Amino acid sequence: MSTTLIFILALFACVQGTSNKEGSAEFDFLMPGVSPMEKDTYLCHATPLDSTKPIYITGFVPQATSDKEHHILVFGCSKPGSNRASWDCGQMAGRSRHSPICQGSASIIYAWAKDAPELELPHDVGFKVGGDSEIAYLVIQIHYSNVDSFLIGGVDRSGVRVLYTPKAMPRTAGVMLLTTGGYVQPGQEEHFEVSCRMNEDVVLHPFAFRTHSHQLGRVSSGYRVRGSDWTEIGRRSPLLPNMFVPATNSVTIKKGDQLAARCTMFNFNDHAVGVGPTNDDEMCNFYIMYFVDGERTLSQSVCFSPGPPLYRWNSDKNLDASKVPANASVVPPPPNGPDPKHPQHQHL
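Values in this document were obtained by computation on a predicted structure and should not be read as measured data.

A.B. asks: Hey, could you go over the nonpolar core for me, with residue numbers and the actual values?
C.D. replies: Judged by nonpolar contacts, the single largest core of 76 residues is most densely connected at Leu138, Val160, Leu178 and Met289. Here this core takes seven residues from strand β21 (residues 285-293), the largest share from any one element. Apart from residues lying up to four places away in sequence, leucine 138 is in contact with Phe27, Phe29, His45, Ala46, Thr47, Leu49, Ile57, Phe75, Gly76, Ile109 and Val129. Listed in part, the nine residues of the second largest apolar core include Tyr223, Val225, Tyr311 and Trp313.

A.B. asks: So what's going on with the packing of aromatic side chains? Which residues, and what values?
C.D. replies: In this description, a pair of aromatic rings is defined by centroid distance and the angle of the planes. Using the criterion set out here, one finds nine aromatic pairs in the structure. Note on phenylalanine 244 and tyrosine 287: the rings are 6.2 Å apart at their centroids and 75 degrees apart in plane angle, and the pair reads as edge-to-face. Linking phenylalanine 244 in the loop between β17 (229-236) and β18 (245-246) with tyrosine 287 in strand β21, this pair joins segments that are 43 residues apart in sequence. The exposure classification of phenylalanine 244 matches that of tyrosine 287, with both residues buried. One aromatic cluster is present, built from ring pairs that chain together Tyr223, Trp230 and Trp313. The ring of phenylalanine 291 is capped by arginine 171, whose NZ or CZ atom sits 4.4 Å from the centre of that ring.

A.B. asks: Give me the lowdown on the side chain of glutamate 200, citing residues and values where you can.
C.D. replies: Considering the arrangement of structural elements, one finds glutamate 200 in the loop between β14 (189-197) and β15 (205-212). In this structure glutamate 200 is buried but unpaired, with arginine 296 as the nearest side chain of opposite charge at 4.5 Å. Side-chain polar atoms of glutamate 200 contact the backbone nitrogen of glutamine 300, separated by 3.0 Å. In contact with glutamate 200, not counting residues within four places along its chain, are Lys255, Thr297, Leu298, Ser299 and Gln300.

A.B. asks: Before we move on, can you summarise the confidence of the model for the protein with the specific residues and values?
C.D. replies: For the protein, per-residue confidence averages 89 on the pLDDT scale, and residues scoring 70 or more make up 89% of the total. Within the model, the stretch residues 1-16 combines pLDDT values under 50 with 21 contacts to residues more than four positions away or in other chains. In the predicted structure, residues 340-345 sits below a pLDDT of 50 and forms nine contacts with residues beyond four places in sequence or in another chain.

A.B. asks: Run through the state of the cysteines, naming residues and quoting values.
C.D. replies: Summed over the entire model, instances satisfying the criterion amount to four disulfides. What pairs with cysteine 44 in a disulfide is cysteine 89, and their sulfur atoms sit 2.1 Å apart. Here the disulfide of cysteine 44 and cysteine 89 is right-handed, its torsion about the S-S bond being about 90 degrees. Taken together, the residues cysteine 44 in strand β3 (residues 41-48) and cysteine 89 in the loop between β6 (87-88) and β7 (102-113) connect sequence positions 45 residues apart. The burial state of cysteine 44 is the same as that of cysteine 89; both residues are buried.

A.B. asks: Report on the sheet that holds β3, specifying residues and quantitative values.
C.D. replies: Neighbouring strands of a sheet are bound in pairs by backbone hydrogen bonds; such pairs are parallel or else antiparallel. Taken together, five strands build an open sheet; the order of strands is β6-β3-β10-β5-β7 and the sheet is antiparallel. Every interior strand has two partners, whereas the edge strands, β6 and β7, have only one. Across eight bridges, β3 lies against strand β10 (residues 137-144) in antiparallel orientation. For threonine 41, the partnering residue across the bridge sits in β10 and is tyrosine 144.

A.B. asks: Provide a residue-level description of the pattern of salt bridges, including the pertinent values.
C.D. replies: In total, this model carries 10 salt bridges according to the counting rule given. We note a salt bridge from arginine 161 to glutamate 26, for which the minimum N-O separation is 3.9 Å. A residue pair is termed long-range when its members are at least 10 positions apart, and arginine 161 in strand β11 (residues 159-165) and glutamate 26 in strand β2 (residues 25-30) qualify at 135 residues. Overall, the relative accessible area of 25% leaves arginine 161 in the partly exposed class.

Cut-offs applied
- Residue numbers here run from 1 along each chain, matching the order of that chain's written sequence.
- Thresholds applied to this predicted model are a pLDDT of at least 70 for local features of residues and 80 or more for the giving and counting of side-chain atom pairs; totals over whole chains, interfaces and linings are not thresholded and use all residues.
- Note: side-chain values were computed over all heavy atoms of the structure, leaving out hydrogens and water.
- Residues belong to a common nonpolar core when they are buried Ala, Val, Leu, Ile, Met, Phe, Trp, Tyr or Cys residues joined through side-chain atoms within 4.5 Å.
- Categorising residues by exposure relies on relative accessible area from a 1.4 Å probe, with only protein chains included: less than 20% of the type maximum marks a residue as buried, more than 50% marks it as exposed, and the intermediate range marks it as partly exposed.
- Secondary structure elements follow DSSP: runs of H or I no shorter than four residues count as helices, runs of E no shorter than two count as strands, and numbering proceeds from the N terminus.
- Here, two residues are considered to be in contact whenever any of their heavy atoms come within 4.5 Å of each other.
- Working definition: rings of Phe, Tyr and Trp (its six-membered ring) pair if their centres are within 6.5 Å, and the pair is stacked with planes under 30 degrees apart, edge-to-face with planes over 60 apart, and tilted otherwise.
- Note on geometry: a ring has a charge over it if NZ (lysine) or CZ (arginine) is within 6 Å of the ring centre and within 35 degrees of the ring normal.
- Positive charges are assigned to Lys and Arg, negative charges to Asp and Glu, while His and the chain termini are left out of the count.
- Whenever Lys or Arg places a side-chain nitrogen within 4 Å of a carboxyl oxygen from Asp or Glu, that contact is recorded as a salt bridge.
- We call two N or O atoms a polar contact when they sit within 3.5 Å, provided that within protein one can donate a hydrogen and the other can accept it, with sequence-adjacent residues counted only if both atoms are side-chain atoms.
- A residue's pLDDT is simply how confident the predictor is in it, with values from 0 to 100.
- In this description, the term disulfide denotes a pair of cysteine sulfurs within 2.5 Å.
- Note on pairing: two strands pair once DSSP finds at least 2 bridges between them.

Right under this line is the structure:
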């Protein structure tokens, strides 16, 4: 990678930001004028962070629309997956040219889809990045579901506006992802389920959750399981804007607890549909945004199961599946169920 390109990248994405309100600032983290030529392309772009002092991310303002972008993810990485200005970071079958999102440590910081509004974290909570943290770079991944405008010469500069402060926060934010593989047969309802034991000696305070699936998703639900007690963290229709919304209950998650999530799907197609990277496939993702007192967040932030038919809650010896809440697959009323009036801003 040339010295000139490194300088251009640093100049383009340098996290010095623009002053916003007192004690806070912002910067735009956008794609550098890319033109994906294939539907369901995944592209990544990285920005370096100041290694001499940390900043604390307090919010995100999407700079994207669902007519082109299927979803956006922002990762915190110790090192990006490539030194190029942008790179193919997808998982499309038959592609050999893609690179990973991150090298070394990686954590999800933010996720957006379906025209979700901006996000503000609670008071005194922030994602610590840069400085002495493990996050030396931010990497944005965009999944492009429509490339028509690029085929006639258009370019994309979508992304997010990052809100931050240099002021140290007493509580540090993190994100836990519960996700599955699996498939659903035609004309059938299926439960995509996942569960993991909390093995780290840290206390989590979930304050928000986010659901994500594609056309077949009906409702997604997540729980803290302590013994035989299932406490709902969140339940929402994934057909609504895929934004982080306040947790249903105020709970803590500590060592020894189980985390569990279910995505209920109905397959109206005449063929089986499995979890995969394209918009014609499915996904079962349940995100938990939490804070900890102090700075120690989870070192393992992804919980995965192979999904149906290989994994189900009732076959997991660590769960008392007889106590699963009766409404686990019931679509809740608004605001987490179908409602044509979506909020324009979400403050947690």
